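# Architecture and fold: a report
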Amino acid sequence: MSNPVVAVVGRPNVGKSTLFNRIAGQRISIVEDTPGVTRDRIYAHGEWLGKHFNMIDTGGIELSDQPLLTQIRQQAEIAIDEADVIIFVVDIESGVTDADEQVARILYRSDKPVVLAVNKVDNPERRSDIYDFYSLGLGEPYPVSSVHGVGLGDLLDAVIGSFPENAANDTDNSIRFSLIGRPNVGKSSMVNAILGENRVIVSNVAGTTRDAINTRFQSADGQEFTMIDTAGIRKKGKIYENTERYALMRAMRAIDDSDVVLVVLNAEEGIREIDKHIAGYAHEAGCGVIIVVNKWDTIENRDHRTMTDFTNLIRSEFQYLSYAPIIFVSAKTKQRLNKLPALIKEVHAHHERRIKSSVLNNVIMDAIAANPTPTQNGKRLRIFYATQVATAPPTFVVFVNDPELMHFSYERYLENQIRQAFDFTGTPLHLIKRQRQ
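Bear in mind the structure is a predicted one, so any value in this text is a computation, not a measurement.

### Let's talk about the confidence of the model for the protein chain
Looking at the protein chain as a whole, the pLDDT averages 84, with 82% of positions reaching at least 70. Low pLDDT (under 50) marks residues 27–41, which in the prediction has 45 contacts with non-local residues, meaning those over four places away or in another chain. Contacts of residues 238–243 to residues separated by more than four positions or lying in other chains number 11 contacts, the stretch itself having pLDDT below 50.

### Thoughts on the sheet that holds strand β16 (residues 395–400)
A sheet is described by the order of its strands in space; here 3 strands give the open sequence β15-β16-β17, paired in mixed fashion. A strand with exactly one partner marks an edge of an open sheet, and here the two such strands are β15 (383–390) and β17 (430–435). Between one strand axis and the next, the sheet turns through 25 degrees on average, direction left out of account. Sitting on the sheet, helix α10 (residues 357–370) is in contact with β15 and β16, with an inclination near 140 degrees to β15. Set on the sheet, helix α11 (residues 408–421) makes contact with β15, β16 and β17; between it and β17 the angle comes to about 125 degrees.

### Quick notes on the pairing of β16
Most of β16 is tucked away: 6 of the 6 residues are buried. Side chains T395, V397 and F399 of β16 all project onto a buried face; the interleaved residues F396, V398 and V400 project onto the opposite face, where all are buried too. Pairing geometry for β15 and β16, over 6 bridges, is antiparallel. Of the residues in β16, the one forming a bridge with I383 is V400. The hairpin turn running from β15 into β16, its antiparallel successor, is 4 residues long, and A392 in that turn takes a positive phi close to 55 degrees. Relative to β17, β16 runs parallel, the two being bridged by 6 bridges.

### What to know about unusual backbone geometry
Peptide bonds are trans in most cases, and residues, glycine excluded, mostly fall at negative phi. Note that the residue after A392, namely P393, is joined by a cis bond; omega there is 5 degrees. The topology assignment puts P393 in the loop between β15 and β16. At L49, a position not held by glycine, the phi torsion is positive, near 55 degrees. Mapped onto the fold, L49 is located in the loop between β2 (42–48) and β3 (51–57). On the basis of relative accessible area, L49 is assigned to the exposed category, the value being 62%. Even without glycine at this site, K295 takes up a positive phi of about 65 degrees. By secondary structure assignment, the location of K295 is in the loop between β11 (288–294) and α8 (306–317).

### Quick look at the packing of aromatic side chains
Using the criterion set out here, one finds 12 aromatic pairs in the structure. On the numbers, 5.3 Å between centres and 15 degrees between planes, the contact of F217 with F225 is stacked. Here F217 and F225 have matching classes, each one buried. Aromatic pair Y410 and Y413: ring centres 5.4 Å apart, planes at 45 degrees, arrangement tilted. Residue Y410 and its partner Y413 are located together in helix α11, separated by 3 residues, close to a single helical turn. The residues Y410 and Y413 share a single accessibility class, namely buried. Through successive ring pairs, a cluster of aromatic residues spans F177, F217 and F225. One residue, R353, lies across the ring of F424, its end atom 5.8 Å from the ring centre. Lying across the ring of F384, R436 places its NZ or CZ 3.8 Å from the centre.

### Looking at the packing of α10 against α11
Across the interface, α10 lies against α11 with an axial gap of 10 Å and an inter-helix angle of 125 degrees. Judged by the angle between their axes, α10 and α11 are oblique. With respect to the hand of their crossing, α10 and α11 are arranged in right-handed fashion. Note on element contacts: α11 touches α10 through Y410, Y413, L414, Q417, I418 and A421, opposite L360, V363, I364, A367, I368 and A370. Of the residues assigned to the contact of α10 with α11, the class counts are 11 nonpolar, 1 polar and no charged.

The rules we used
Residues numbered from 1 in each chain as written. Predicted model: local features only at pLDDT ≥ 70, side-chain atom pairs only at ≥ 80, totals over all residues. Heavy atoms only, no water. pLDDT = per-residue confidence, 0-100. Contact = heavy atoms within 4.5 Å. Pairing = 2+ DSSP bridges. Helix = DSSP H or I, 4+ residues; strand = E, 2+ residues; numbered from the N terminus. Axes fitted to C-alpha atoms, helices over the stretch in contact; angles between N-to-C directions. Buried < 20%, exposed > 50% of the residue type's maximum accessible area, 1.4 Å probe, protein only. Phe/Tyr/Trp six-rings, centres within 6.5 Å; stacked < 30°, edge-to-face > 60°. Lys NZ or Arg CZ within 6 Å of the ring centre and 35° of its normal. Parallel < 35°, antiparallel > 145°, perpendicular 65-115°, else oblique. Left-handed = near helix turned anticlockwise from the far one by under 90°. Nonpolar A, V, L, I, M, F, W, Y, C, P; charged D, E, K, R; others polar.

Set out below in structure tokens:
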């Protein structure tokens, strides 16, 4: 199942973005001491005590008829609707304001768990002032300093304690896959062609699909699939409408919720820079990946070299997806679409594959014998043993004398040796270096 979603909301200039950056562990949102700097929802991943979640930073909610402030409020309300838990940030320096009370009323209507963070509590003397915030009727206020990181532990304990019970489908044995790509590459047409029915709206107008749509179906061999059609992902600078920003969030959640992701390209238009950006979402999420070139029927004057040339171009432009199989299809003529279920099933099996430690270590030792470990400053890298610690994606821990001695190139060499020994087509591999204690 996808990670829980935490929205950080509040009126302008209470320190939401600073708190967001502190929890995310990196400077993602722009921080400026001017109300209204954060205008769009910004997304990041967070983790606390082994619990992973997605975060949304929002523009400050300010009830005004000014067009910009109205848009900021709409963005925040969309984030609230999407969230599983809401962090409501208020400011100890300002105390309880009318705007805070108005935001609190919006949160009441959401019927979502709310954790109240009283920000800018930079010294113990200010703690006694937090009790005024009980008047908001949102439960216990948690004093924090987003600048200094004070009080974040208690706040995050409350956040993860409010996560919904993951009613994940224990009985759902279907393989979940999503189709992602920029607008108008033919994702919805592919869904309809695979299903043999008009399950989703299809239009030549780019951006018709606004939401992620789940459909269950069964292949000829009895394997069940859950297929997720997503909205086209645009460059950030081209995202204008509130509904499109909402669609992007749903697309990202669909990726998190997928075993396999189909990265759909438009053969007619070729490869765009945004295609590589979109494919990176699936790669970073650790999903199995298949590159699907749609609208192959539109390519004129095709010969035996056309597909080879396009394949070489993909390999050149998507070097980080060298493991992903490529299939050329046409949603219009249904060319090769019948091969997709078997290919998805194969990639899913590789994504879930587990290798015995004894067999894995034989491969690692053979690799070292063929290409000895490097030295650095007179000190040689020593690899003691390796073991697989997780699947989906396959994750291996390599125990060494000093992780700093393993250069990226040698790490890549070991990964390639593992791929040569075992079929991991379609799935990324994660290699973790650990110092043996």
